[in-house]
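The lines below spell out each chain.
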Amino acid sequence: ESGVVRRDRFSGGPARSFLSSLAADERIFEADLEVDRAHTLMLAEQGIIDAETAGSILTALDAIEVAGHDSLPDGEDVHEAIETAVIDRVGADGGMMHTARSRNDEVATCIRYRLREDVLDAIETTLALRQSLLDVADTHAETIMPGYTHLQPAQPTTVAHWALSYEGAVRRDTERLLEAYARINESPLGGAAFAGTTFDVDREFTASLLGFDGVVVNSMDAASSRDFLLETTQALSTHATTLSGLAEDLIIFANRGFVSIADDYSSTSSIMPQKKNPDTLELVRAVAGDAAGNVQGLTTTLKGLPRAYNRDLQRATTHAWETVDAAVEASEVAAGAIATADWNEEALTAEAGAGFSTATGVADLLAANGLPFRTAHELVATAAENSSDYDALDAAAEDVLGEPLGSYVDPDAVADALDPAESVASRNSRGGPAPEATAPQLESGRDALDA
Ligand code: ARG
């Protein structure tokens, strides 16, 4: 029987298990059945195989689906194993299923079919994360907090402004994934091994049955190209990098008592009874490393591959699966941790002015009153060596300008500039942290999410 012959052809050799992707192909088992169905229907529709044989093949495919991936006969990969299973059920005519195609266009189609689903999952998790960040921004529009550069106190800001900064980044992550999706969503099926086929195939028909937007026209491109894998893995890696920064911020904020991570997203110690650790966020932070490693592995695998199909491609795919699984999980965990975190407004407010974080505002005030900004900067820097109060600024004015501070600015205005909350409220430039400036950012974030 053909089925036996087929299995025997690749049965032996010490490299058997090295060659086989059957176990890893479980991920594309459903996809392969759908691709087989679409291709079989097309063959019948085009009169390449008769309707009765097509019917038997489709019936066999249904039975194979019910039996599941684990019941497949041995094979080099899921495509071969399913074909063998079809032949086992239908007889030699089951071999008509593979008319006018190759495993090369078949596997490329299966990967795209499955990856579409995974990327949609990834996109959804980015949406959930954006929602969590917008909710935090909504609740904490007026919660002032210290802002840092170089991890040193820099200028006071608000929790809303911080959350919206990540919402903007995650929004771009969503956009990158949507763009990748559009390029994944084209069908290579019908490209055959790479050189097309003598049969009168209808590639648009299979593409539309499988829900693709169109076909990858050039049959060599269709069977060989994996830039869609690279683009997707890169977009996921970029998202994981965004998540790692977010996780790192939360870990630092938790360390300083600014935020309390919910128990659901914390872990404890097996020896230190008092411990509550931000373990989930540390794992989120680590996913960016895995993702970057997968981008590197995939790039290196694809680099310099000649046209057309090469078996290296079998090992390329796993980089994308690993990345999408880890990124989706990390994104979900980050969204949950953000949604359930408790912000300690008292601690944030108390710390917002630490390290003379209002210094820039005082320099701005002097500059607004006619001093060159560089001179104002020098004056405030001189004061900062001693203290951050009015007296220190006044002494610095005498030092730098030879006149008291009061001859340049209204002391009440200086007092306001030194107050962290006033300082935030005054920075109402477009995109700034003042509540009146974060309100439109929040609205645009909501509009983008709805869209
Ligand atoms: N399992 C293979 C892969 O993932 C399928 C294609 C095999 N094609 C071939 N010409 N050996 O790439």
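Please refer to the structure placed before this passage.
In this report, we go over the structure that sits alongside the text. Computed from a predicted structure; not experimentally measured.

1. A closer look at the overall build of the protein
Alright, step 1. The number of helices and strands found in the protein is 19 helices and six strands.
Alright, step 2. Whereas a compact globule of 451 residues would reach a radius of gyration of roughly 22 Å, the protein reaches 31 Å, over 25% beyond that.
Alright, step 3. Projecting the C-alpha coordinates of the protein onto the three principal axes gives extents of approximately 100 × 50 × 40 Å.
Alright, step 4. Within the span of the protein, comprising 451 residues, buried residues form 44% of the whole.
Alright, step 5. Contacts in the protein between residues far apart in sequence, at least 24 positions, make up 75% of those at least 6 positions apart.

2. As for the site of the ligand
Alright, step 1. Close to the ligand lie Ser21, Asp77, Arg103, Asn104, Val107, Tyr309, Arg311, Leu313 and Gln314.
Alright, step 2. If you list the elements that add at least two residues to the shell around the ligand, you get helix H6 (103-139) and helix H12 (312-340).
Alright, step 3. A per-class count over the shell around the ligand returns three nonpolar, three polar and three charged.

3. What about unusual backbone geometry?
For residues other than glycine, phi is negative in most cases, and the peptide bonds are mostly trans.
Alright, step 1. Put simply, Arg307 and Ala308 share a cis peptide bond, and its omega is 5°.
Alright, step 2. Relative to the helices and strands, Ala308 resides in the loop between helix H11 (279-302) and H12.
Alright, step 3. Look at Phe356: it is not a glycine, yet its phi comes out positive at around 50°.
Alright, step 4. Relative to the elements of secondary structure, Phe356 occurs in the loop between helix H13 (345-352) and helix H14 (359-368).

4. With respect to the environment of Ala413
Alright, step 1. Mapped onto the elements, Ala413 comes out in helix H17 (residues 411-418).
Alright, step 2. A C-alpha to C-alpha distance of 35 Å links Ala413 and Leu246, two positions 167 residues apart in sequence.

5. Comments concerning the pairing of strand S1 (residues 144-149)
The side chains of a regular strand alternate, residue by residue, between the two faces of the sheet.
Alright, step 1. Summarising the sheet, S1 and strand S2 (residues 152-158) pair through six bridges and their orientation is antiparallel. Across the sheet, residue Gly147 finds its bridge partner in S2, namely Gln155.

6. Some remarks on H11
Alright, step 1. Over its 24 residues, H11 extends 35 Å from the first C-alpha to the last, a length consistent with the 34 Å expected when each residue adds 1.5 Å.
Alright, step 2. Taken as a whole, H11 has its buried residues at Thr280, Leu281, Val284, Arg285, Val287, Ala288, Ala291, Asn294, Val295, Leu298 and Thr301.
Alright, step 3. Where H11 is buried, its residues touch helix H10 (227-255) and H12.
Alright, step 4. At the exit of H11 stands Gly304, carrying a positive phi of roughly 75°.

Cut-offs applied
- Residues numbered from 1 in each chain as written.
- Predicted model: local features only at pLDDT ≥ 70, side-chain atom pairs only at ≥ 80, totals over all residues.
- Helix = DSSP H or I, 4+ residues; strand = E, 2+ residues; numbered from the N terminus.
- Rg over C-alpha atoms; globule rule 2.2 N^0.38 Å.
- Buried ≥ 20, exposed ≤ 12 C-beta atoms within 10 Å, placed from the backbone.
- Contact = placed C-beta atoms within 7 Å.
- Near = placed C-beta within 6 Å.
- Nonpolar A, V, L, I, M, F, W, Y, C, P; charged D, E, K, R; others polar.
- Pairing = 2+ DSSP bridges.
- Expected span 1.5 Å × (residues − 1).

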